[in-house]
Amino acid sequence: MQFNKTVIVTGASQGIGAGIVQAFLARGYNVVGTARSATKSKELSASDHLALIDGDIGQFEIDAVVANAGIF
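Residues numbered from 1 in each chain as written. Predicted model: local features only at pLDDT ≥ 70, side-chain atom pairs only at ≥ 80, totals over all residues. Heavy atoms only, no water.

Take the overall build of the chain next. On a plain count of helices and strands, the chain comes out with one helix and three strands. Each helix (α) and strand (β) of the chain, taken in turn from the N terminus, gives the series β-α-β-β. When each of the 72 residues of the chain is scored for burial, the buried share is 24%. Across the chain, every contact between residues at least 6 apart in sequence was considered, and the portion connecting residues at least 24 apart equals 39%. When the accessible surface of the chain is summed, it comes to about 5500 Å², and 53% of that surface belongs to carbon and sulfur atoms. (Helix = DSSP H or I, 4+ residues; strand = E, 2+ residues; numbered from the N terminus. Buried < 20%, exposed > 50% of the residue type's maximum accessible area, 1.4 Å probe, protein only. Contact = heavy atoms within 4.5 Å. Areas by Shrake-Rupley, 256 points an atom, 1.4 Å probe, with all protein chains shown as cover.)

This part covers the packing of aromatic side chains. In this structure the tally under the stated criterion is one aromatic pair. Arranged with centres 4.8 Å apart and planes meeting at 75°, the rings of Phe24 and Tyr29 form a pair that is edge-to-face. The exposure class of Phe24 is partly exposed, given its relative accessible area of 25%. Looking at Tyr29, the relative accessible area reads 24%, which means it is partly exposed. (Phe/Tyr/Trp six-rings, centres within 6.5 Å; stacked < 30°, edge-to-face > 60°.)

In this section: helix α1 (residues 15-26). In this model α1 runs 17 Å from its N-terminal to its C-terminal C-alpha over 12 residues, within 8% of the 16 Å that 1.5 Å per residue would give. Within α1, burial applies to Gly17, Ala18 and Val21. The buried residues of α1 occupy an angular sector of 95° when projected down its axis, which confines them to one face. Turned more than 90 degrees from where α1 packs its buried face, Ile16 and Ala26 sit exposed. In this fold, the buried residues of α1 make contact with β1 (6-10), β2 (30-35) and β3 (50-54). (Expected span 1.5 Å × (residues − 1). Arc of directions from axis to C-beta.)

Moving on: the nonpolar core. Counting residues in hydrophobic clusters, the biggest one holds 11 residues: Val7, Val9, Ala12, Ala18, Val21, Val31, Ala35, Ala38, Leu44, Leu50 and Leu52. Looking at this core, the elements with two or more residues in it are β1, α1, β2 and β3. When near neighbours in sequence (up to four residues on either side) are disregarded, Leu50 contacts Val21, Leu25, Val31, Gly33, Leu44 and Ser45. (Core = buried A, V, L, I, M, F, W, Y, C linked by side-chain atoms within 4.5 Å.)

With respect to the helices, strands and loops of the structure, Ala46 is situated in the loop between β2 and β3. On the basis of relative accessibility, which here comes to 56%, the residue Ala46 falls in the exposed class. The spacing of Ala46 and Gly33 is 13 residues in sequence and 9.1 Å in space, taken between C-alpha atoms.

Here is the structure:
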């Protein structure tokens, strides 16, 4: 399996978000999963192809989100 695409999943620590992470990993994606307690997830563990990042975007003032898509 070739890991050459990356996806970011918010709300990744449990439920639907964790299921989406697992689905992308099963299809060969690198995944960055974020949630308030992503690193404490009972459904996911960080690996070579999964980075888990804690963060509650509701706690920060965010002025912009940029989703920059390249050629794929």
